[in-house]
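The primary structure of each chain is shown beneath.
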Amino acid sequence: MSITMTPLQYFSLLSIIPLAFYNHKKGKGHPLPYFFYLYYPLHLAIIYLLASSL
């Protein structure tokens with residue numbers, strides 16, 4: 001195990017930027033997350049159906 005950081009690990013320092021803007025308040029409800037709840041299983045089902053038809 002090395003004490004020094006690899007060049008890829010320096011990108012983790014970029015996470016400080018959004019964390020600096022965090023104001024400890026919950027965001028307003030937005031319908032976009034529900035899209036992802038539907039999109040993820042649907043696209044997997046479509047991929048499965050396409051793969052099984054070949």
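Being a predicted model, the structure only gives us computed values, none of them experimental.

Participant: Sorry, what's going on with the overall build of the protein chain here?
Facilitator: Within the protein chain, the secondary structure is distributed over two helices and zero strands. For 54 residues, the compact-globule formula gives about 10 Å, and the C-alpha radius of gyration of the protein chain, at 20 Å, lies well above that figure. Here the protein chain has roughly 5900 Å² of accessible surface; of this, 74% comes from carbon and sulfur atoms.

Participant: Teacher, can you tell me more about a nonpolar patch on the surface here?
Facilitator: Side chains of Leu32, Phe35, Phe36, Tyr39, Tyr40, Leu44 and Ile47 sit close together on the surface and give an oily, nonpolar patch of about 730 Å² of accessible area. Owing to a relative accessible area of 44%, tyrosine 39 belongs among the partly exposed residues under this scheme.

Participant: Just to check I follow, could you spell out the packing of aromatic side chains for this structure?
Facilitator: The geometry of an aromatic ring pair is captured by the separation of the ring centres together with the interplanar angle, meaning the angle of the planes. Evaluated as defined, the whole model comprises three aromatic pairs. Ring centres of phenylalanine 35 and phenylalanine 36 lie 5.3 Å apart, and the angle between their planes is 70 degrees; on these two criteria the pair is classed as edge-to-face. Under the relative-accessibility criterion, phenylalanine 36 is labelled partly exposed at 47%. Among the aromatic residues, those joined into a cluster by ring pairs are Phe35, Phe36 and Tyr39.

Participant: When you look at unusual backbone geometry in this model, what are you seeing that I'm missing?
Facilitator: Leave glycine aside and you will find that most residues have negative phi; peptide bonds, for their part, are mostly trans. In the Ramachandran plot, histidine 24 falls in the positive-phi region, its phi being about 65 degrees despite a non-glycine side chain. Within the element layout of this structure, histidine 24 appears in the loop between helix 1 (16–20) and helix 2 (32–53).

Participant: It is not clear to me how the environment of glycine 29 should be interpreted in this structure. Could you clarify?
Facilitator: Among the secondary structure elements, glycine 29 is positioned in the loop between helix 1 and helix 2. Once the C-alpha coordinates of glycine 29 and leucine 19 are considered, the two residues, 10 residues apart in sequence, prove to be 20 Å apart.

Each value, and the rule that gives it
Residues numbered from 1 in each chain as written. Predicted model: local features only at pLDDT ≥ 70, side-chain atom pairs only at ≥ 80, totals over all residues. Heavy atoms only, no water. Helix = DSSP H or I, 4+ residues; strand = E, 2+ residues; numbered from the N terminus. Rg over C-alpha atoms; globule rule 2.2 N^0.38 Å. Areas by Shrake-Rupley, 256 points an atom, 1.4 Å probe, with all protein chains shown as cover. Patch = residues over 30% accessible without salt bridge, like charges linked within 9 Å, V, L, I, M, F, W, Y side chains within 5 Å. Salt bridge = Lys/Arg side-chain N within 4 Å of Asp/Glu carboxyl O. Buried < 20%, exposed > 50% of the residue type's maximum accessible area, 1.4 Å probe, protein only. Phe/Tyr/Trp six-rings, centres within 6.5 Å; stacked < 30°, edge-to-face > 60°.

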